[in-house]
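# Report on the structure
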Amino acid sequence: VAREQCLLNGLCGYFECVLYDDILMSIRPETHNPDMFSWFPIYFPLRQNIVLVPNEKICVHFWRLSDEMKVWYEWSVCSETQ
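Overview of the structure. (Residues numbered from 1 in each chain as written. Predicted model: local features only at pLDDT ≥ 70, side-chain atom pairs only at ≥ 80, totals over all residues. Heavy atoms only, no water.)

Looking at the element boundaries, Ser26 is found in strand β3 (residues 23-26). A distance of 3.0 Å separates the side chain of Ser26 from the backbone nitrogen of Arg28, its partner in a polar contact. Setting aside residues no more than four positions away along its own chain, Ser26 makes contact with Phe15, Glu16, Thr31, His32, Asn33 and Met36. (Helix = DSSP H or I, 4+ residues; strand = E, 2+ residues; numbered from the N terminus. Polar contact = N/O pair within 3.5 Å; in protein donor to acceptor, adjacent residues only side chain to side chain. Contact = heavy atoms within 4.5 Å.)

The backbone of Asp21 sits at a positive phi, close to 50 degrees, despite the residue not being glycine. Structurally, Asp21 is set in the loop between β2 (16-20) and β3. Note on Asp21: relative accessible area 66%, which makes it exposed. Residue Asn55 is not a glycine yet carries a positive backbone phi of 70 degrees. (Buried < 20%, exposed > 50% of the residue type's maximum accessible area, 1.4 Å probe, protein only.)

Moving on, we get to the packing of aromatic side chains. Enumeration according to the criterion identifies 3 aromatic pairs in this entry. Residues Phe15 and Trp39 carry aromatic rings whose centres are separated by 4.4 Å and whose planes lie at 35 degrees to one another, so their mutual orientation is tilted. Separated by 24 residues along the polypeptide, Phe15 in the loop between β1 (6-13) and β2 and Trp39 in the loop between β3 and β4 (42-52) bring together distant segments of the chain. We classify Phe15 as partly exposed; its relative accessible area is 26%. For Trp39, a relative accessible area of 38% gives the class partly exposed. Arranged with centres 4.8 Å apart and planes meeting at 75 degrees, the rings of Phe44 and Trp75 form a pair that is edge-to-face. Taken together, the positions of Phe44 in strand β4 and Trp75 in strand β6 (residues 71-79) put the pair 31 residues apart, joining distant regions of the chain. Here Phe44 falls in the buried class, since its relative accessible area comes to 9%. (Phe/Tyr/Trp six-rings, centres within 6.5 Å; stacked < 30°, edge-to-face > 60°.)

Below is the structure:
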């Protein structure tokens, strides 16, 4: 849900996992583990910007695809008004 009017041009992805009780693995800036040097955030750009107004909801879909040689991700974003 958009907090204010904005132009959405992509999404940023982070990893965070609670392994047990208070044992956390994270690359989120707020909870980053210093020893997580082999994991990096990812940016998912959009082909077209989406103008969002306050309280507008968006829908995000991700697919992990693969063949014999590679793995890749595809994604789509839509707003409820578009």
